[in-house]
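Summary of structural features
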Amino acid sequence: MPETGATIADAVRSGTRTARHVVEQYLETAERLNPALNAFVEIDRAGALERADSIDVGLRAGAPAGPLCGVPIALKDLIDHAGRVTTAGSAFHRHRATVSATVARRLEAAGAVIIGRTGLHEFAFGFSSENPWFGPVRNPWNRDLSPGGSSGGSAAAVAARMSVGAIGTDTGGSVRVPAALCGVVGLKVTHGAVPVTGVFPVAGSLDTVGPIAGSVGDARLLYDAMKGFDPADPWSARAPDSPDRAPRLENLRVGVPAGWLSAAPTSAAVHRSFERFCDRLRSVGIRVERVEAPGVAPDPALLAVVAGEVAGVHREWFDDPDKRYGPDLEVRLGAAMEVTTDRYTEAMRRRAALEQAAGEAFRDHDLLLTPSVGHPRKAIGDDYIAIDGKPYFYRDVLNCYSALVNLIGCPAIALPTTEEGAPPPSVQFLAPWWGEDLLLGVGEALEQAGLIGTGLAVAAIG
């Protein structure tokens, strides 16, 4: 089993390993594999080793050690890190940060060592990470396949053990989709639970920052370090007081929204593996049942919410001849610019109805459960994915289970199962708003029960 963030931090705190030794090992792996995978746009060897040395000096002097003491992590290249350039995967946006994003500061305060910046879909507005300016990020399971997006570099780095964990952003599935395609864990948080201060925006009312990790425990470590109210972030919200819930798998109530599964473009293989996973949940005492929640289903009209907000971010640049966009993004932004106020308002009305329908579904169930993606493999360069012989545009397949969650605003987690596959099948659990601890607790219990995998992608790359 691969080492975890917790075991690394324990070893560094106890003095059995130094932070420098740990970080050097991960830097060597990253530098060896990155030419083939293109997961990092920058590996910051000098900065990472300087940070590791400062941790070792502090520990020898008796400084307190944080929960991520000496743990190497990576940042998606739209999250500011002081002294480094943020590109957001674009041709023209070059911002040298003087102040780190709130999440980066909190991670470093917990002892993490940021070893580099990971590649992404251009301006984080897409699901392939086939970037026209930096080249495609490649999936460690098969380098001809996409790792998904937009946080593709973060997921590939974790799957290849180039970093213990990585931070991504999720506006419509950009943490969970690459986690699913790379066989790792990805947590999408409640909107407002983790600050987005210092993070380049995609669509403000949907944007979240979340961890990608090789285990649920590591995802929890990263989430715990980043979460919390930030007065500098207008989207930040204070978590309500709620008692800790230590989840017991026995009699946990899990609902499978039948209308959502029937409407989403999903391959027969994904349906079969999902049904097998549901049976395995029942075998450990979990109550899994189909639920009729007709309001919780894909609705194309809701895309106007995303498009309208994305257009607001890019409007000042879009017609500037000195600002170049890749072909994919130019088409999508052109369409976004056409979204009218009336369309946006109607989409927001539908969104409110979706949130209400989700709340009703959660009233009788602790969690909701779906596959993470409609199909787990997308070839680099192909815009279509065949679902049982019929071609679908790849975005419709990859985000059919994730985008709805951002519109609802609740948290969700993508988890690799222990069923064989390359990558293994991934499932998505949704919790009521502010239910991150429940999601992580259930994920950890399922890992212990042998239903969820830990670091499975490592075996695929050696």
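Refer to the structure presented above.
This text gives an overview of the structure that appears in the document. Remember, predicted model here, so these are calculated numbers, not experimental data. Note on numbering: residues in each chain are counted from 1, in written sequence order. Given that this is a predicted model, residues contribute local features only at a pLDDT of at least 70 and side-chain atom pairs are listed and counted only at 80 or more, while totals for whole chains, interfaces and linings are drawn from all residues. Side-chain numbers here rest on the full set of heavy atoms in the structure, without hydrogens or water.

1. With respect to the packing of helix H4 (residues 102-109) against helix H7 (residues 216-226)
The angle between the axes and the distance between the axes are what describe a pair of packed helices. Our working rule: Axis definition: a line fitted to C-alpha atoms, over the contacting stretch in the case of helices. Angles run 0 to 180 degrees between N-to-C directions. Each helix is a run of H or I in the DSSP string that is no shorter than four residues. Each strand is a run of E no shorter than two, and both are numbered from the N terminus. Just so you know how the angles are binned, under 35 degrees is roughly parallel, over 145 roughly antiparallel, 65 to 115 roughly perpendicular, and the rest oblique. Crossings are assigned a handedness: left-handed for a near helix turned anticlockwise from the far helix by less than a right angle, right-handed for a clockwise turn. Only heavy atoms matter for contacts: two residues are in contact if any of them lie within 4.5 Å across the pair. Here the term charged refers only to Asp, Glu, Lys and Arg, the term nonpolar to Ala, Val, Leu, Ile, Met, Phe, Trp, Tyr, Cys and Pro, and the term polar to all other amino acids, Gly among them.
H7 packs onto H4 with a crossing angle of 115° between their chain directions and a minimal axis gap of 8 Å. In terms of axis orientation, H4 runs roughly perpendicular to H7. Handedness of the crossing formed by H4 with H7: right-handed. Seen from H4, the contacting residues are Val103, Arg106 and Leu107; seen from H7, they are Leu222, Ala225 and Met226. Among the residues forming the contact of H4 with H7, the class breakdown is 5 nonpolar, no polar and 1 charged.

2. Details of the pattern of salt bridges
Note the following rule: Criterion for a salt bridge: a side-chain nitrogen of Lys or Arg within 4 Å of a carboxyl oxygen of Asp or Glu.
A full pass over the atoms with the stated rule returns 24 salt bridges. Two residues, glutamate 346 and arginine 349, come together in a salt bridge whose shortest N-O distance is 2.7 Å. In this pair, glutamate 346 and arginine 349 are both assigned in helix H12 (residues 341-363), 3 residues apart and thus about one turn of the helix distant. Residue glutamate 355 pairs with arginine 351 through a salt bridge whose shortest N-O separation is 3.7 Å. Pair noted here: glutamate 355 and arginine 351 are both in helix H12, with a separation of 4 residues, about one helical turn. Salt bridges linked by common partners bring Asp299, Glu346, Arg349 and Arg350 together as one network.

3. Structural notes on the side chain of histidine 191
Within the fold, histidine 191 resides in the loop between strand E9 (185-188) and strand E10 (208-213). When residues no more than four places from it in sequence are discounted, the contact partners of histidine 191 are Gly204, Ser205, Leu206, Asp207, Thr208, Trp235 and Gly409.

4. Digging into the environment of alanine 52
Our working rule: Each residue gets one of three labels from its accessible area relative to the maximum for its type: buried under 20%, exposed over 50%, partly exposed in between, using a 1.4 Å probe on protein chains only.
Within the fold, alanine 52 resides in helix H3 (residues 45-60). Taking relative accessible area as the criterion, alanine 52 reaches 0% and is therefore assigned buried. Put simply, alanine 52 and threonine 98 are 46 residues apart on the chain and 21 Å apart in space, counted from C-alpha to C-alpha. When residues no more than four places from it in sequence are discounted, the contact partners of alanine 52 are Ala19, Arg20, Val23 and Val113.

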